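The residues making up each chain are set out below.
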Amino acid sequence: NAISRFIEEENPELEFENPFSKIERPEINDRIMETHIPSLAELDAILTEAKSEPMYYLILAISTRTGMAASKIIRLTKTCVFEENGAIGVYLNDDLYPQKSSAIVFPNDVGILFKKYIESIIVVDSENHIFYNKHGNPLTIKNLDSNISRIVKKAGVTYPYTLKDMRSRAILDMIDAGADEKAVQNYVGIGPIRTRQYFEAKGIVRGCPASLVNYEIKAVAE
């Protein structure tokens, strides 16, 4: 539209008409919607349904406890794992923007699950990815979205929650538990504007008994 407007205005002799001038862009609503935030009971139902699938159980645990984005989850490899003072964490390298690379430490419950999973898998690709699809190839966003959708549907909850919705729940839990804006921004890897939107929506999460954060993921019994 901008290019066409420039041509139209700067070159009247062409009698060019901007074909994009009457197209209205839809309004983008980035507000945190209460209907898109799963309750603890719904999270419990979803995690219970995922218990028979250790990989997706761990992915859901990471998302609902740390707020890690799906794009980062599928890029996790064995080589990015570290252990420090008894805690498990991962380096999140950004090859395109090295300054955005970071490291996060998992809460204890997720760390236990993560370590158990890492010790149980056989890495089959040269980059040491830890999450795979049914064909043995590194998990893609499409694979992840379709399988989370399947699990959520089988869990029988009232809304088709996505991993993004569960990530939002994790961020709101951190805020509700008292984490400040900078800590949330650095840990989750979101910008200040988006962080502010989460802080403005913090009243969505209510009545969760906890200290940082409000619930714990249990290891699956053998």
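Residues numbered from 1 in each chain as written. Predicted model: local features only at pLDDT ≥ 70, side-chain atom pairs only at ≥ 80, totals over all residues. Heavy atoms only, no water.

Chemist: What am I meant to see in the overall build of the protein chain here?
Modeler: Scanning the protein chain for helices and strands turns up 9 helices and 3 strands. Listed by position from the N terminus, the elements making up the protein chain come as α-α-α-α-β-β-β-α-α-α-α-α. Within the span of the protein chain, comprising 222 residues, buried residues form 41% of the whole. Of the contacts formed within the protein chain by residues at least 6 apart in sequence, a portion of 62% connects residues at least 24 apart. (Helix = DSSP H or I, 4+ residues; strand = E, 2+ residues; numbered from the N terminus. Buried < 20%, exposed > 50% of the residue type's maximum accessible area, 1.4 Å probe, protein only. Contact = heavy atoms within 4.5 Å.)

Chemist: Any chance you could explain the pairing of strand 1 (residues 81-84) here in plain terms?
Modeler: Where strand 1 meets strand 2 (residues 87-92), 4 bridges bridge the pair, whose relative direction is antiparallel. Looking at strand 2, one finds that E84 is bridged to A87. Between strand 1 and the antiparallel strand that follows it, strand 2, lie 2 residues; N85 among them carries a positive phi value of about 50 degrees. (Pairing = 2+ DSSP bridges.)

Chemist: Would you mind showing me how to read the sheet that holds strand 1 here?
Modeler: Sheet strands line up and pair through hydrogen bonds in the backbone, either parallel or antiparallel. If you walk across this open sheet you meet the 3 strands as 1-2-3, and the pairing is antiparallel. Looking at the sheet topology across the chains shown, the edges are occupied by strand 1 and strand 3 (102-105). Strand after strand, the sheet turns through a mean of 30 degrees between neighbouring axes, direction not considered. Across 4 bridges, strand 2 lies against strand 3 in antiparallel orientation. For L92, the partnering residue across the bridge sits in strand 3 and is S102. Taken strand by strand, helix 5 (residues 108-120) contacts strand 1 and strand 2, and its axis lies near 75 degrees from that of strand 2. (Axes fitted to C-alpha atoms, helices over the stretch in contact; angles between N-to-C directions.)

Chemist: Even after reading the chapter, I still don't get the environment of N147, so can you show me in this structure?
Modeler: Assignment of secondary structure puts N147 in helix 6 (residues 141-155). Sequence separation between N147 and Y56 is 91 residues, and the spatial gap between their C-alpha atoms is 8.2 Å. Polar contacts involving the side chain of N147 include one to the main-chain carbonyl oxygen of N143, which spans 2.8 Å. Engagement of the side chain of N147 in a polar contact is seen with the side chain of R150, the distance being 3.0 Å. (Polar contact = N/O pair within 3.5 Å; in protein donor to acceptor, adjacent residues only side chain to side chain.)

Chemist: Got a minute to help me understand the side chain of T66 in this structure?
Modeler: Here T66 lies in helix 3 (residues 54-66). Separated by 2.6 Å, the side chain of T66 and the backbone oxygen of I62 make a polar contact. Within the structure, the side chain of T66 is placed 3.2 Å from the backbone nitrogen of M68, a separation counted as a polar contact. When near neighbours in sequence (up to four residues on either side) are disregarded, T66 contacts A61, I104, F106, P107, A170, M174, Y187 and V188.

Chemist: Would you mind going over the nonpolar core with me for this structure?
Modeler: Soluble, globular proteins show a tendency: their nonpolar side chains are buried together. Membership of the largest hydrophobic core comes to 41 residues, with the highest contact counts inside it found for I62, L76, F114 and F131. Within the residue set of this core, elements represented by two or more residues are helix 2 (40-50), helix 3, helix 4 (70-73), strand 2, helix 5, helix 6 and helix 7 (163-176). Leave out the neighbours within four places in its chain, and F131 touches M55, L58, I59, I62, I73, L76, Y117, N137, P138 and L139. I37, I171, I175 and V184 belong to the second-largest nonpolar core, a separate cluster that totals 12 residues. (Core = buried A, V, L, I, M, F, W, Y, C linked by side-chain atoms within 4.5 Å.)

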